[in-house]
Amino acid sequence: MNQIETIDILLVEDNFNDAELALRVLKKNFPSRKLVHLEDGEQVLDYFNLRQNQPNTYHHSILPKVILLDLKMPKIDGLQVLEILKKDNELKKIPIVVLTSSKEDPDLKRCYELGVNSYIVKPVEFKEFMQIISQIGVYWVNYNQKPN
C-alpha cells in the first residue's frame, strides 16, 4: 500500500472528557502533528473499511503512526478492534497502545495475546493523565521506528 500522507495518532476513546483532555495535551505538545479521534470500535472498522472483518479491504492510504485504543467502548469493544487490526498483514504493523481504565488481569493478558504493543491504565489524577499522554506521544511519534 502506498502511503500518501500519514496521521500521527489515531485516538479511539468513547469518554468525551478523556478524549478532549488527551487531544488538548497532544495538540499543545505536538502542534504540527495530525490527530484523528474516533469514538468507538465501529468507527475504527469503518475508518479502515474492515466492517466485514476481511483483511486487506481497507481503502485508507493514510495510516496512523500509532493507535491509542480504549478497551471498554459501546458497539464494538477495544479487544475486538485489536483482534481485527492485528489479523491484517498491513495494519498489524501499526503500534497499538491500549489506554484504558481496566486493571483486570484477563484484559491485560488478552491484549498481549492479540499483539498489543503497550498496555497503560489511565491515571485518575488529572496531572498524571496529562503527563502520560504527553510521554506516549513523544515516544511513539518521535522515537519509535517501524517497518515500511
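Please read all numbers here as calculations on a predicted model, not as lab measurements. (Residues numbered from 1 in each chain as written. Predicted model: local features only at pLDDT ≥ 70, side-chain atom pairs only at ≥ 80, totals over all residues. Heavy atoms only, no water.)

Draft legend 1. Region of interest: helix 3 (residues 78–87). Across the 10 residues of helix 3, seven count as buried, placing the element largely inside the fold. Looking only at helix 3, the buried set comprises G78, L79, V81, L82, I84, L85 and K86. Where helix 3 is buried, its residues contact helix 2 (41–47), strand 3 (63–69), strand 4 (96–100) and helix 4 (105–114). (Buried < 20%, exposed > 50% of the residue type's maximum accessible area, 1.4 Å probe, protein only. Helix = DSSP H or I, 4+ residues; strand = E, 2+ residues; numbered from the N terminus. Contact = heavy atoms within 4.5 Å.)

Draft legend 2. Focus on the packing of aromatic side chains. This structure, assessed with the given rule, holds two aromatic pairs. Between the aromatic rings of Y47 and F48, the centroid separation amounts to 4.8 Å while the plane-to-plane angle is 90°, which identifies the pairing as edge-to-face. This pair shows no difference in class: Y47 is buried, exactly as F48 is. Ring plane angle 90° and centroid distance 4.8 Å describe the contact between Y139 and W140, whose orientation is recorded as edge-to-face. (Phe/Tyr/Trp six-rings, centres within 6.5 Å; stacked < 30°, edge-to-face > 60°.)

Draft legend 3. Quick peek at the pairing of strand 3. Counting buried residues in strand 3 gives six out of seven residues, a clear majority hidden from the surface. Where strand 3 lies against strand 4, three bridges are found, and the strand directions are parallel. Considered in strand 4, the bridge of I67 is made with I96. In this region the chain leaves strand 3, passes through helix 3 and returns to the parallel neighbour strand 4; the handedness of that crossover is right-handed. (Pairing = 2+ DSSP bridges. Right-handed = clockwise from strand over helix to strand, strands pointing away.)

Draft legend 4. Spatial organisation of the environment of D88. You can see D88 is positioned in the loop between helix 3 and strand 4. Considered as a pair, D88 and L50 are 38 residues apart in the sequence and their alpha carbons are 9.6 Å apart.

Draft legend 5. Molecular detail of the packing of helix 1 (residues 16–29) against helix 5 (residues 126–143). At a minimum axis distance of 9 Å, the contact between helix 1 and helix 5 shows a crossing angle of 55°. Taken together, the axis directions place helix 1 and helix 5 in an arrangement best described as oblique. Of the two possible hands of crossing, helix 1 and helix 5 adopt the one that is right-handed. Note on element contacts: helix 5 touches helix 1 through F126, F129, M130, I133, S134 and G137, opposite D18, L21, A22, V25, L26 and N29. Here the contact of helix 1 with helix 5 is composed, by residue class, of eight nonpolar, three polar and one charged. (Axes fitted to C-alpha atoms, helices over the stretch in contact; angles between N-to-C directions. Parallel < 35°, antiparallel > 145°, perpendicular 65-115°, else oblique. Left-handed = near helix turned anticlockwise from the far one by under 90°. Nonpolar A, V, L, I, M, F, W, Y, C, P; charged D, E, K, R; others polar.)

Draft legend 6. Main features of the pattern of salt bridges. Across all of its chains, the model carries 14 salt bridges by this definition. A salt bridge links D18 to K122, with the shortest nitrogen-to-oxygen separation between them at 3.0 Å. Here D18, found in helix 1, pairs with K122, found in the loop between strand 5 (118–121) and helix 5; they are 104 residues apart in sequence, far enough to count as distant. D18 sits in the partly exposed class, given a relative accessible area of 22%. Overall, the relative accessible area of 11% leaves K122 in the buried class. E113 is the partner of R110 in a salt bridge, and the nearest nitrogen-oxygen pair spans 3.3 Å. On the criterion of helical spacing, the pair formed by R110 and E113 is a turn pair, its members being three residues apart in helix 4. Look at R110 and you get partly exposed, because its relative accessible area is 32%. A single network of salt bridges, built from pairs that share partners, joins E13, D18, D70 and K122. (Salt bridge = Lys/Arg side-chain N within 4 Å of Asp/Glu carboxyl O.)

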